[in-house]
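Residues per chain are reported as follows:
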Amino acid sequence: MNYVPGTASLIDDIDTNLVFHQTVERIHVGKKFGDIPRGIFIVRGENVVLLGEIDMDKPCDTVLQQVSIEEILEEQRLQQQAKQETDKVKLQALKDRGLSIPKADNLDEY
């Protein structure tokens with residue numbers, strides 16, 4: 001799971017365009033996380049779905065371990081490989097039963 005924490009500044013009251021500075025991309029894998037510095041992000045208002053504030057005074061009940069960027073990227077790669085292998089097994093089980101799931105790139109958009 002990835003998300004991008006940062007400090008927001010409102011630059012346009014009409015479309016609520018946002019500028020995030022000192023932004024990091026935080027990658028979570030299990031109970032580990034790693035931060036990748038990304039700098040400035042500009043987000044168009046039409047792409048904003050949810051924006052919230054974090055209460056820094058509230059105690060955190062989840063214990064996460066911060067690891068290096070290289071380690072978290074390797075963990076993420078292994079997690080994605082395991083998911084692909086699981087999906088492959090599920091797809092084969094469906095095929096063996098005469099069922100199939102169309103790939104997303106083959107679906108018609110309406």
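Residues numbered from 1 in each chain as written. Predicted model: local features only at pLDDT ≥ 70, side-chain atom pairs only at ≥ 80, totals over all residues. Heavy atoms only, no water.

Student: Looking at this model, I keep getting lost on the overall build of the chain. Mind explaining?
Tutor: What the chain contains, in helices and strands, is 1 helix and 5 strands. Expressed as a percentage of its 110 residues, the buried residues of the chain come to 15%. The long-range share in the chain, meaning contacts at least 24 apart out of those at least 6 apart in sequence, stands at 44%. Surface exposure of the chain reaches about 9400 Å², of which carbon and sulfur atoms provide 54%. (Helix = DSSP H or I, 4+ residues; strand = E, 2+ residues; numbered from the N terminus. Buried < 20%, exposed > 50% of the residue type's maximum accessible area, 1.4 Å probe, protein only. Contact = heavy atoms within 4.5 Å. Areas by Shrake-Rupley, 256 points an atom, 1.4 Å probe, with all protein chains shown as cover.)

Student: Help me understand the side chain of E25, please; the structure alone is not making it clear to me.
Tutor: Here E25 is to be found in strand β3 (residues 18–29). Reaching out from E25, the side chain makes a polar contact with the side chain of R38 at a distance of 2.7 Å. (Polar contact = N/O pair within 3.5 Å; in protein donor to acceptor, adjacent residues only side chain to side chain.)

Student: Explain the environment of R97 here, please?
Tutor: Looking at the element boundaries, R97 is found in the segment after α1 (69–96). A polar contact of 2.9 Å, which involves the side chain of R97, links it to the backbone oxygen of A93.

Student: Whenever I open this one, the environment of V63 confuses me. Can you help?
Tutor: Here V63 is to be found in the loop between β4 (32–43) and β5 (65–66). Taking the C-alpha atoms as reference points, V63 and K32, 31 residues apart in sequence, are found 8.9 Å from one another.

Student: Explain unusual backbone geometry here, please?
Tutor: Note: most residues except glycine have negative phi, and most peptide bonds are trans. Its identity is not glycine, yet Q22 carries a phi of approximately 55°, on the positive side. Its location among the elements puts Q22 in strand β3.

Student: Got a minute to help me understand α1 in this structure?
Tutor: For an α-helix, the turn length of 3.6 residues means that residues three or four places apart are oriented alike. Its 28 residues give α1 an end-to-end C-alpha distance of 41 Å, which sits within 8% of 40 Å, the value for a rise of 1.5 Å per residue. Where α1 ends, the next residue or the one after it, G98, has phi of about 85°, a positive value. (Expected span 1.5 Å × (residues − 1).)

Student: Help me understand the pairing of β3 in this model?
Tutor: Working note: regular strand, side chains alternate between the two faces of the sheet. Relative to β4, β3 runs antiparallel, the two sharing 10 bridges. Bridging from a neighbouring strand, V24 pairs with P37 of β4. Between β3 and β4, which pair antiparallel and follow one another directly, the connecting turn spans 2 residues, one of which, G30, has a positive phi of 60°. (Pairing = 2+ DSSP bridges.)

Student: Honestly, the confidence of the model for the chain in this entry has me stumped. Any pointers?
Tutor: Detailed reading of the predicted model is not advised wherever pLDDT is low. With 79% of its residues at a pLDDT of 70 or more, the chain has an overall mean of 81. No element of the chain has a lower mean pLDDT than strand β1 (residues 2–3), at 52, and none a higher one than α1, at 94. (pLDDT = per-residue confidence, 0-100.)

Student: Before we go on, may I ask you to explain the nonpolar core in this structure?
Tutor: In this structure, I27, V29, I36, V67 and I72 together form the largest nonpolar core, which totals 5 residues. In this structure I36 touches T23, V24, E25, I27, I69 and L73, once residues within four positions along its chain are discounted. (Core = buried A, V, L, I, M, F, W, Y, C linked by side-chain atoms within 4.5 Å.)

Student: Could you clarify how one ought to interpret the pairing of β4 in this entry?
Tutor: Bridge count between β4 and β5: 2 bridges; the pairing is parallel. In the strand pairing of β5, K32 is matched with Q65.

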